[in-house]
Amino acid sequence: MADVWQELEAVISENRRELSLIGQDVSKRIEKAGLDPHIFQLVNLNLLDISRTQLDRVPDDLGNLINLTNLTLQNNALVSLPSTVGNLVKLKFLDLSHNKIERLPDELSKLKELQTLKVNVNQLTDFPDVSTLTSLHILNISHNKLSALPDGICSEHLVHLSQINASNNQITSLPSELSSLPHLNSLHLANNQLQELPNELSECTKLKELVVNGNKIKDRKLLKFTEQNSLKQIMTFLATAMEKEAATGDKKDKKAKQKKKKKGPQNDNVEDLARNIISVLHFAPDVGVVVKVEAKVSDVRPYVVCCVLRELNFKKSLNMFKRFITLQTRLHDTVCQKRQAATIATHDLSFVKAPLLYTARPSDSIMITPLFKTKEVSAGKLLTNLQQEADALRREKKRSTVSGIHKYLDLLKDKTDFPCLIDADGQVISFPPITNSDKTKISKDTQSLLVEVTSSVSLDVCKKVMDTLLKETLQMGVGVGSGGGTDIAADSTDDKPEEQEDVVAGGEQTEGIKHANLRLVVEQVKIVDEEGGLKVLYPSRTDLHEDGFDVIRNWNQDG
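Because the structure is predicted, anything quoted here is derived from the model rather than measured. Numbers given for residues are sequential positions, taken from 1 along each chain in its written order. Only residues with pLDDT of at least 70 get local features here, since the model is predicted, and only at 80 or more are side-chain atom pairs given and counted; chain-wide, interface and lining totals rely on the full set of residues. The basis for every side-chain value is the complete set of heavy atoms in the structure, and neither hydrogens nor water enter the calculation.

**Some thoughts on the overall build of the protein chain**
Then, number 1: For the purposes of this entry, the term helix denotes a DSSP run of H or I that reaches at least four residues, the term strand denotes a run of E that reaches at least two, and both are numbered from the N terminus. Helix and strand content of the protein chain: nine helices and 25 strands.
Then, number 2: A buried classification covers 50% of the 559 residues belonging to the protein chain.
Then, number 3: In this analysis, two residues are considered to be in contact whenever any of their non-hydrogen atoms come within 4.5 Å of each other. Put simply, 57% of the contacts in the protein chain that link residues at least 6 apart link residues at least 24 apart.
Then, number 4: To measure how exposed things are, a 1.4 Å probe is used in the Shrake-Rupley method; for residues, cover is taken only from the protein chains shown. For the protein chain, the computed accessible surface area is about 27400 Å², with 46% contributed by carbon and sulfur atoms. The cut-offs for exposure are 20% and 50% of the maximum accessible area for each residue type, with area from a 1.4 Å probe on protein chains only; residues under the lower value are buried, those over the upper are exposed, and the others partly exposed.

Laid out in C-alpha cells, this is it:
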C-alpha cells in the first residue's frame with residue numbers, strides 16, 4: 001500500500017469510519033499529485049474532513065461515499081462541487097465555507113436528511129431551491145453575492161429551519177412568507193441592500209434574534225431600531241404597521257359597501273347572496289369511507305370522528321395553504337387545549353386506501369414514516385428519539401420546558417399500547433397525538449382531504465373540534481365559491497389588484513358583489529365497531545348548527 005496516504009492506511013487497518021485531512025502537509029500533497037483516489041473507495045466512511053488546504057477540485061467519485069453523514073470541505077480553494085454530491089443522501093452536515101464556489105449543483109436538493117448547510121464566505125450569486133431540504137435546521141449563506149434568499153426558503157415543508165444567516169450579501173427584499181417558518185428563531189441579514197422589512201415578519205413568534213444593521217432602510221424610525229438590532233422595537237414597529245395596514249383596508253371595504261348601498265334597492269339582497277354554505281354529501285355505501293374501531297383502543301384513546309373535504313383549492317391565493325396549516329396549529333392550542341383534549345390530523349385522500357382501522361398496538365409493532373421524514377420507524381423508537389431531542393433541548397436552552405411536538409410526549413406516558421389509524425394496505429397513516437404519516441401529507445395540490453379528530457376525553461370534544469375546523473375552513477375560502485367553483489378566495493386581496501371588484505359567477509358578471517358566497521363540500525364518514533354496528537356518522541343532522549352559515553344536507557354533487 002505504498003501509494004496510499006498514511007492517514008488512509010490507518011482508517012483501513014483499524015476499520016475507522018472517520019477521515020480527517022487538514023493542514024499544510026496535506027495541502028502540499030494535493031498540490032503535487034491531487035487527492036489520493038483511494039479516499040473514494042472508503043464507502044463505509046461516515047465523516048470526511050478536508051480543510052485548510054489548496055484543494056480546488058473534488059472529483060465525481062465523491063458520490064461513491066454514500067454513507068457519509070458529515071462532509072467538511074472548509075477553508076480550501078474550491079470553485080465548484082460535483083453534481084454527484086446528490087448521491088450522499090445520508091448527509092446531515094455539510095460545510096463548504098471559506099472557498100471560492102460560484103455555483104452549487106441543483107442536485108444539492110436531494111439531500112433530504114441534511115440538517116446543517118454552511119456555504120458562507122464564497123462567491124455565490126444564486127442558490128438551488130431548498131424547499132426539499134425538509135430536515136434543515138441551520139442555513140449559513142453569509143458573505144456571498146446573493147441578491148435574494150434561496151428559492152423555496154419559505155416552503156411549508158421546512159418545519160425544522162431555525163437559523164438563517166444571510167448577512168453580507170446584496171439582498172434587496174425579503175419574502176413576507178418568512179413568517180410561515182414555524183421554528184425560525186435566528187435571522188441574520190446585516191449589511192445587505194434592504195430598504196424595508198415585511199410587516200409579516202412580526203408574526204415570527206419564535207424569533208429571538210434578528211440582526212439587520214447595515215442596510216438602507218427608508219423609514220428613519222425603523223432604521224434606528226435596526227441599527228440598534230433591537231428585536232422588541234423592530235417587531236413592535238412592524239406589528240403596528242401591519243395593524244394600520246389592515247385598518248386602512250377595512251375602512252376601504254366599509255366605504256365601498258356604503259357606496260354600493262346607495263345605488264338602490266336592487267342591492268338589498270347582497271347579504272343573502274353572500275351567505276356561506278356547507279354542503280353535506282351523505283355517506284354512500286359503495287364508495288364512502290368507513291373506519292372500523294377495535295375495542296382494544298378504548299383503554300388508550302377511544303374517541304374518533306372523521307369526514308372528507310372535497311373540491312378544495314389551496315392555490316386560490318399565495319397564502320391559502322399556509323393559512324390552513326396555521327389554522328390547525330391554532331386550533332391545537334385553543335379548542336384542543338394544547339392537544340390535551342383532542343388532536344387533528346389531515347391526509348391527502350388520494351394517498352389513502354379505505355376502509356380504515358382505528359386500533360391500539362404495542363409501540364414497537366407500529367411502523368410509520370413520520371411527517372417530513374423519509375424513513376419508517378417504530379412508534380416506540382420515534383418516542384425515544386423525540387424524548388432524547390427534548391432532553392438535549394432542555395440542556396441546551398437551560399430550561400425546564402421544550403417546544404413543538406416534544407410538549408406532547410407525556411400524553412403517552414406509561415402506555416404500553418399506542419393508538420394508530422391504518423388503511424386497507426396496512427399502512428399506518430396516523431399515530432395520534434404525535435404525528436401522521438409523511439406518505440399521506442397534504443400539499444397545495446391536495447383537492448380532497450380526510451380529516452381525523454381523536455380524543456381520550458369524549459366524543460363531544462371530537463365533534464366540537466371538527467365543527468370548529470369546518471367552520472373556519474369555510475370562512476377561509478379554500479372550498480368552491482358560488483356559481484360552481486369561481487376562484488375567489490376569502491383573502492383575495494393577497495393576489496388581486498384593488499380595482500378588481502367584480503366576480504364572475506356562473507359565467508356572468510355580477511355587479512355590486514365583491515365576493516361570491518363561499519361553499520365547503522363535506523362528505524360523511526362512518527365510524528363502526530368490530531361487528532359493523534354504527535358508532536358515529538359525521539356530520540349528522542345534529543352537527544354543524546350555527547348562525548354563521550347554512551347547511552345543505554344530502555346535497556347532490558352532480559346537480
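Alright, that's what it looks like, and here's the rest.
**Notes on the confidence of the model for the protein chain**
Then, number 1: Residue-level confidence of the predictor is summarised by pLDDT, bounded by 0 at the bottom and 100 at the top. Overall, the predicted model of the protein chain reaches an average pLDDT of 83, with 84% of residues at or above 70.
Then, number 2: Below a pLDDT of 50 lies the segment residues 263-273, which in the model reaches five contacts outside its immediate sequence neighbourhood of four places, other chains included.
Then, number 3: Low pLDDT (under 50) marks residues 482-516, which in the prediction has 59 contacts with non-local residues, meaning those over four places away or in another chain.

**Examining the pairing of strand E12 (residues 303-310)**
Side chains on a regular strand alternate between the two faces of the sheet.
Then, number 1: Of all the eight residues making up E12, six are buried; the element is thus mostly covered by neighbouring parts of the structure.
Then, number 2: If DSSP finds at least two bridges between two strands, the strands pair. Relative to strand E20 (residues 449-455), E12 runs antiparallel, the two sharing seven bridges. Following the sheet pairing, Val304 is matched in E20 by Thr454.
Then, number 3: Note: E12 against strand E23 (residues 519-528), four bridges, orientation antiparallel. Considered in E23, the bridge of Leu309 is made with Val522.

**Digging into the packing of aromatic side chains**
Then, number 1: Geometry of aromatic contacts follows a simple scheme: Phe, Tyr and Trp rings, the Trp one being its six-membered ring, pair when their centres are within 6.5 Å, and the pair is stacked under 30 degrees between planes, edge-to-face over 60, tilted otherwise. Applying the stated rule across the entire model yields four aromatic pairs.
Then, number 2: Both rings, one in Phe314 and one in Phe321, keep their centres 5.3 Å apart while their planes meet at 90°; by these two values the pair is edge-to-face.
Then, number 3: Residue classification places Phe321 among the buried residues on the basis of a relative accessible area of 2%.
Then, number 4: Geometrically, the ring pair formed by Phe418 and Phe431 is stacked, given 5.5 Å between the ring centres and 20° between the ring planes. One end of the pair, Phe418, is in strand E17 (residues 417-422); the other, Phe431, is in strand E18 (residues 428-431), with 13 residues separating them in the sequence.
Then, number 5: Residue Phe418 is classed as buried on the basis of its relative accessible area of 4%.
Then, number 6: By the ring-pair criterion, three or more aromatic residues cluster together here, those being Phe314, Phe321 and Phe324.

**As for the environment of Leu96**
Then, number 1: Note on placement: Leu96 falls in the loop between strand E4 (93-95) and strand E5 (116-118).
Then, number 2: With sequence-adjacent residues up to four places away left out, Leu96 is seen in contact with Leu73, Leu81, Ile101, Leu104, Lys118, Val119 and Asn122.

**Description of the sheet that holds E5**
Then, number 1: With parallel pairing, the nine strands of this open sheet are ordered in space as E1-E2-E3-E4-E5-E6-E7-E8-E9. Of all the strands in the sheet, just strand E1 (18-22) and strand E9 (209-211) have a single pairing partner and so form its edges. Averaged over all neighbouring strand pairs, the angle between strand axes comes to 5°, with direction disregarded.
Then, number 2: Looking at chain direction, E4 and E5 are connected through three bridges and run parallel. Residue pairing for E5: Leu94 is matched across the bridge by Leu117. Lines are fitted to the C-alpha atoms to define the axes, a helix being fitted only along its stretch in contact, and any angle between axes, read from their N-to-C directions, falls within 0 to 180 degrees.

**Concerning the environment of Leu45**
Then, number 1: Within the fold, Leu45 resides in the loop between helix H2 (24-33) and strand E2 (47-51).
Then, number 2: C-alpha of Leu45 to C-alpha of Asn70: the two residues are 25 residues apart in sequence and 9.2 Å apart in space.
Then, number 3: Non-local contacts of Leu45, meaning those with residues more than four positions away in its chain, are made with Val11, Arg16, Arg17, Glu18, Leu19, Ile39, Asn67 and Leu68.

**Examining the nonpolar core**
Then, number 1: Judged by nonpolar contacts, the single largest core of 72 residues is most densely connected at Leu117 and Phe127.
Then, number 2: Breaking this core down by element, the ones donating at least two residues are helix H1 (6-13), E1, H2, E2, helix H3 (220-228) and helix H4 (231-261).
Then, number 3: With four residues, the top contributor of residues to this core is H4.
Then, number 4: Beyond its immediate chain neighbours, meaning those up to four positions away, Leu117 contacts Leu94, Leu108, Phe127, Leu133, Leu136, Ile138, Leu139 and Asn140.
Then, number 5: Membership of the second largest hydrophobic core comes to 55 residues, among which are Met320, Val335, Leu450 and Leu544. Within this scheme, the nonpolar core is defined by two criteria: the residues are buried Ala, Val, Leu, Ile, Met, Phe, Trp, Tyr or Cys, and they are joined through side-chain atoms within 4.5 Å.

**Points about the pattern of salt bridges**
Then, number 1: Basic side-chain nitrogens of Lys or Arg form a salt bridge, by our definition, when they fall within 4 Å of a carboxyl oxygen of Asp or Glu. As enumerated under the stated definition, the model contains 11 salt bridges in all.
Then, number 2: Among the salt bridges present, the one from Asp106 reaches Arg103, with a minimum N-O distance of 3.6 Å.
Then, number 3: The exposure class of Asp106 is partly exposed, given its relative accessible area of 47%.
Then, number 4: With a closest N to O distance of 2.5 Å, Arg310 and Glu523 form a salt bridge. Of the two residues, Arg310 is situated in strand E12 and Glu523 in strand E23; the sequence distance between them amounts to 213 residues.
Then, number 5: Each member of the salt-bridge network shares a partner with another, and the members are Glu7, Asp25 and Arg29.

**Re the side chain of Ser186**
Then, number 1: Relative to the helices and strands, Ser186 is located in strand E8 (residues 186-188).
Then, number 2: In contact with Ser186, other than residues within four places in its own chain, are Ser162, Gln163, Ile164, Leu207 and Glu209.

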